[in-house]
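# Coordinate inspection notes
Listed below, chain by chain, are the residues.
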Amino acid sequence: MKKNLLSAAVIAATSALLLAGCSDPGAGGTSADPASWPDQDTDLSGTSLTIWAAQNSNTVPDSVIAGFEDLTGAEVTVETIPDPYEQGIQTKVATGDMPDLAFWQPTASQLTALNAGTNLQSLDDAPWLENVDPALRDITGLLDDTRYAALVSTPAVQGVYYNKDVFTANGVTELPTDWESFIELGRQLDSAGVTPFYEMGADRWGTQWWVQVQLADAAADGLWDRVNAGDEKFTDPTIQGAIDTYASLIDEGLFNDDIKTATFEDQGAALLAGDAAMVVQVNSFFGQLQSLSDTETLNDTIGFFPIAPSGNIGSFIPDQSNALVAFATGDAEKEAASRQLLSYWLGDGYADFVETQDTISLQPSVPTPDTVPTALVSVSESIGTSVGSMQALAIANPDLYIFLADMIQGTKTPAEVAQATQDQFAQLAKAQGADGF
Amino acid sequence: MSTNRALASPKILRGALSPRGSSRSSARSDHPALFLIPALVVLVVFFFVPTIFNFVYAFTDWSSFKSDIGFVGFENFADLFQSGTLLNALKVTLVYAVLVAVFQNVFGLLLALLLERDTRINRFARVMFFIPVVMSALAVGYIFQALLKPDGALNGILSTLTGTTVSTAWLGDTTWTIVVVALVHSWKWMGLSMLIYLAGLKTISDDVLEAARLDGASWLTTFRSIRFPLIAPALTFNVATALLGSMNGFDIVQATTEGGPGGTTELLNIFIFRTFGQGLFAQATTMSLVLFVMVAVLAFPVIRILRKREDVL
């Protein structure tokens, strides 16, 4: 019996070791050279495509899918991946599971995180590109000079949402034109007994915008290239300075008293009610406001202006609902069908898409519906002159927002925030095999 | 029981049919090692392989950023121990586990003593206290998160009772939130501890208790000198499972605080989840290996000490 047990153990151990031999289950097919683009109406009867989408983007493609299915006979299914979406997809792709298409943040760091060179199809020479507004065509979606993501709607911009009524009640007629006048306005409102700025310390993720908008000029000057190469660190004066400024403004009392416990929902309610004058946020914040009020009220009460140290420059930050990537699944027929769907989406199906989504058009030939709220139009107008945020330009996206939230809670100093961010950035850059780390 | 019979019966049959077969040789020929293979395959694929992967990947640079995996030796361990985050997460995990072990056992034991008699009301109450155990931990977490918000139900009740506006952020304090979250965890699992203590209490012989009563021992003396020592096995099980189970805690903390405020409730598993989400799969695996080692290091002495208490039985 002992001998049997021994032999069983040996079999178990050897087979386990054999199975455990190191291989990456996520190593997908290899992406081919820029491929051919089928006509939008090529017959696809019997072909089925899967699109992965997040909880907030799973209805975005509805009109496109309906039109595409009618036109080609293909069958397109949207599969909702639960939040946290990006983590879920990375884990699935790492273990060898892939859809044909997926909503994905089209930034360099997120394309790197999907191992774009191996897992994604190149979208170079796509037929729709000539129709896209030239100012928006190449702002994102590219990695190592290859296009991997198709932008379907305008990317988000970090900037200031303000309550028009609060401004009027306090005699503010001119919008701030640079950082100095922006902070000066904050102090002026504070002395008038108004809460100038509202921050969501408990939900954490919004905390990073205050630091990032301060870096817009430096970003235009190549800050993130230097950070990516390891030549400049988060602890060096530029980024550290922005963190310090944010901390000092909080200490000065220019933010809401409940900054430690305030949530994203509180932030929207406070701005809408006029309990606070300004909020530095991105487009999803406006989505939150839309869930609380109607377009007419929002047009009357909420405005937007971009801000940076030197003037009204926005920092754009595309998110997952703005773009799609096509996976290199290894099935040439389906890969071509995925490209065809994207051609249709940004081709014949685009006008209908913009209309049903009530969103801003990326193509001058397709008009933006006049039902789009004015604040969102201001946001999209600022994109042409905006610069990339950390998410758009850095090769890795460290948890800066968590460390800043820690700072708000009092468990980290501004110097520790920069150090922790730098450490994590270096760890991620090293894992990517970036030079200089 | 049924397995024993199944094993025994062919042996008896064979013995009856062939008078020469000794029990040793018949056992061997009746159950060739081949029979083990189906069970073994399941065991290997679903148990050994993942465990071994967990060890192997900790020494590699597996990440979401590239397709090839290379061995890097102890680099991941060196990096992890250099940054203070891991040590902080380990500390938080340990504090959380101890708090949960204490709360869950105190509550469980009190409930067991309170609901010991088999009355109709007690039976109903036991079921009510056991319901949280079978509830989804994430659901429990989200419910408590809503209750404990600054404008949540708890503060609403307190405001009505005290007549002043209470807006305490129960989940927003960098010192006390870990205690609150540990209380939520204990609330969810105290029903299980109660059940096991009840079972322990039921095994105590009535004779012993009657003798104590005849000797004039008070309720407290009986409990301290007779009943509590006699439920030692239940205590061992409860403390060990609460302590070691909460070291692997994730769901309740993720749902209530996500590791905040200020990282003061960031359990190792939340840190692992965050690291895995960043695409640093190897580093996350290294952390789970560290957690495994920590649980093992803690489990042996704790269980040993608790088992020693049972020696008097």
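Since we're looking at a predicted model, the values are computed, not measured.

Regarding its fold elements, chain A presents 21 helices and 13 strands. For a compact globule of 437 residues, the expected C-alpha radius of gyration is about 22 Å, and chain A comes in at 24 Å, within 12% of that figure. If you line up chain A on its principal axes, its C-alpha atoms span 80 × 60 × 40 Å. Across the 437 residues of chain A, 55% fall into the buried class. For chain A, contacts bridging at least 24 residues in sequence account for 78% of all contacts bridging at least 6. With the model as given, the accessible surface of chain A reaches about 17000 Å², and the carbon-plus-sulfur share is 48%. Side chains of chain A carry 15 positive and 61 negative charges; the gap between the two charge centres is 15 Å.

On to the interface of chain B and chain A, then. The interface of chain B with chain A comprises 43 residues on the first partner and 40 residues on the second. Here chain B and chain A share an interface that buries about 3400 Å² over both sides, 60% of which is from carbon and sulfur atoms. At the junction of chain B with chain A, the criterion picks out 4 salt bridges. Ionic pairing is found between Arg204 of chain A and Glu258 of chain B, a salt bridge with its closest N-O pair at 3.8 Å. Linking chain B with chain A are 10 residue pairs in polar contact (both at pLDDT 80 or more), by the criterion used here. Of all elements in the fold, only α3 (37-56), α4 (75-82), α14 (268-277) and α15 (281-309) of chain B reach the threshold of two or more residues within the side of chain B that touches chain A.

The subject of this paragraph is the side chain of Gln391 of chain A. Residues and elements named next belong to chain A. Note that Gln391 resides in helix α19 (residues 390-393). In this structure Gln391 comes out as buried when scored by relative accessible area, which is 4%. Engagement of the side chain of Gln391 in a polar contact is seen with the side chain of Gln208, the distance being 2.8 Å. A polar side-chain atom of Gln391 sits 2.9 Å from a polar atom in the side chain of Gln212. Residues contacting Gln391, with those up to four places away along its chain left out, are Gln105, Thr107, Ala108, Ser109, Gln158, Gln208, Trp209, Gln212, Ile317 and Asn397.

Of all 10 residues in helix α20 (residues 400-409) of chain A, 9 are buried; the element is thus mostly enclosed. If you check which residues of α20 of chain A are buried, you get Leu400, Ile402, Phe403, Leu404, Ala405, Asp406, Met407, Ile408 and Gln409 of chain A. Structurally, α20 of chain A contributes buried residues whose contacts are with α9 (208-214), α12 (237-251), α19 and α21 (414-432) of chain A together with α14 of chain B. A positive backbone phi angle near 90° is found at Gly410 of chain A, which sits one or two residues after α20 of chain A.

Moving on, we come to the layout of surface pockets. Taken as a whole, the second largest pocket holds about 1000 Å³ of empty space. Every residue lining the second largest pocket is counted, 49 residues in all, and those nearest its centre are Asp423 and Gln427 of chain A together with Ser83, Thr85 and Phe271 of chain B. Breaking the lining of the second largest pocket down by element, the ones donating at least two residues are α20 and α21 of chain A together with α4, α5 (84-114), α14 and α15 of chain B. With 10 residues, the top contributor of residues to the lining of the second largest pocket is α21 of chain A. A class-by-class count of the residues in the lining of the second largest pocket yields 15 nonpolar, 21 polar and 13 charged.

What follows deals with the domain arrangement of chain A. Residues and elements named next belong to chain A. Along its sequence, chain A is organised into domain 1 (8-155 + 318-366) and domain 2 (156-317 + 392-432). The C-alpha-based centres of domain 1 and domain 2 are spaced at 31 Å. Counting from both sides, the interface comprises 11 residues of domain 1 and, opposite them, 11 residues of domain 2. Taken over both partners, the interface formed by domain 1 and domain 2 buries close to 800 Å², and the fraction arising from carbon and sulfur atoms is 57%. Area buried by domain 1 at its contact with domain 2 is led by Ser109, Pro155 and Pro318, which between them contribute 47% of it. Connecting domain 1 to domain 2 are 0 salt bridges. Scanning the region where domain 1 abuts domain 2 turns up 0 residue pairs in polar contact (both at pLDDT 80 or more). Within the side of domain 1 that touches domain 2, the residues separate by chemical class into 4 nonpolar, 6 polar and 1 charged.

Residues and elements named next belong to chain A. Taking every second residue as pointing to the same face, both faces of strand β10 (residues 302-305) are buried, with Ile302 and Phe304 on one and Gly303 and Phe305 on the other. Two strands pair when backbone bridges link them, and strand β7 (residues 156-163) and β10 are joined in this way by 4 bridges, in the antiparallel orientation. Paired with Tyr162 across the bridge in β10 is Gly303.

Here we come to empty space enclosed by the protein. All names here are of chain A. Throughout the structure, instances matching the rule amount to 3 cavities of 30 Å³ or more. Put simply, the largest cavity is a space of about 110 Å³. Along the walls of the largest cavity sit Trp128, Leu129, Val132, Leu136, Arg137, Thr140, Arg147, Ala149, Ala150, Leu151 and Leu362, which together make up its complete lining. For the lining of the largest cavity, the leading source of residues is strand β6 (residues 149-151), giving 3 residues. Tallied by class, residues from the lining of the largest cavity come to 8 nonpolar, 1 polar and 2 charged.

Each value, and the rule that gives it
- Residues numbered from 1 in each chain as written.
- Chains lettered and ligands numbered in written order.
- Predicted model: local features only at pLDDT ≥ 70, side-chain atom pairs only at ≥ 80, totals over all residues.
- Heavy atoms only, no water.
- Helix = DSSP H or I, 4+ residues; strand = E, 2+ residues; numbered from the N terminus.
- Rg over C-alpha atoms; globule rule 2.2 N^0.38 Å.
- Buried < 20%, exposed > 50% of the residue type's maximum accessible area, 1.4 Å probe, protein only.
- Contact = heavy atoms within 4.5 Å.
- Areas by Shrake-Rupley, 256 points an atom, 1.4 Å probe, with all protein chains shown as cover.
- Lys, Arg positive; Asp, Glu negative; His and termini not counted.
- Charge placed at Lys NZ, Arg CZ, Asp CG, Glu CD.
- Buried area = accessible area lost by both parts, 1.4 Å probe.
- Salt bridge = Lys/Arg side-chain N within 4 Å of Asp/Glu carboxyl O.
- Polar contact = N/O pair within 3.5 Å; in protein donor to acceptor, adjacent residues only side chain to side chain.
- 1 Å grid on protein atoms, 1.4 Å probe; cavity = no way out; pocket = protein on both sides within 12 Å on 5 of 7 lines; lining within 4 Å.
- Points joined across faces, edges and corners; volume = space filled by probe spheres on them.
- Nonpolar A, V, L, I, M, F, W, Y, C, P; charged D, E, K, R; others polar.
- Domains from an automatic or database assignment.
- Pairing = 2+ DSSP bridges.

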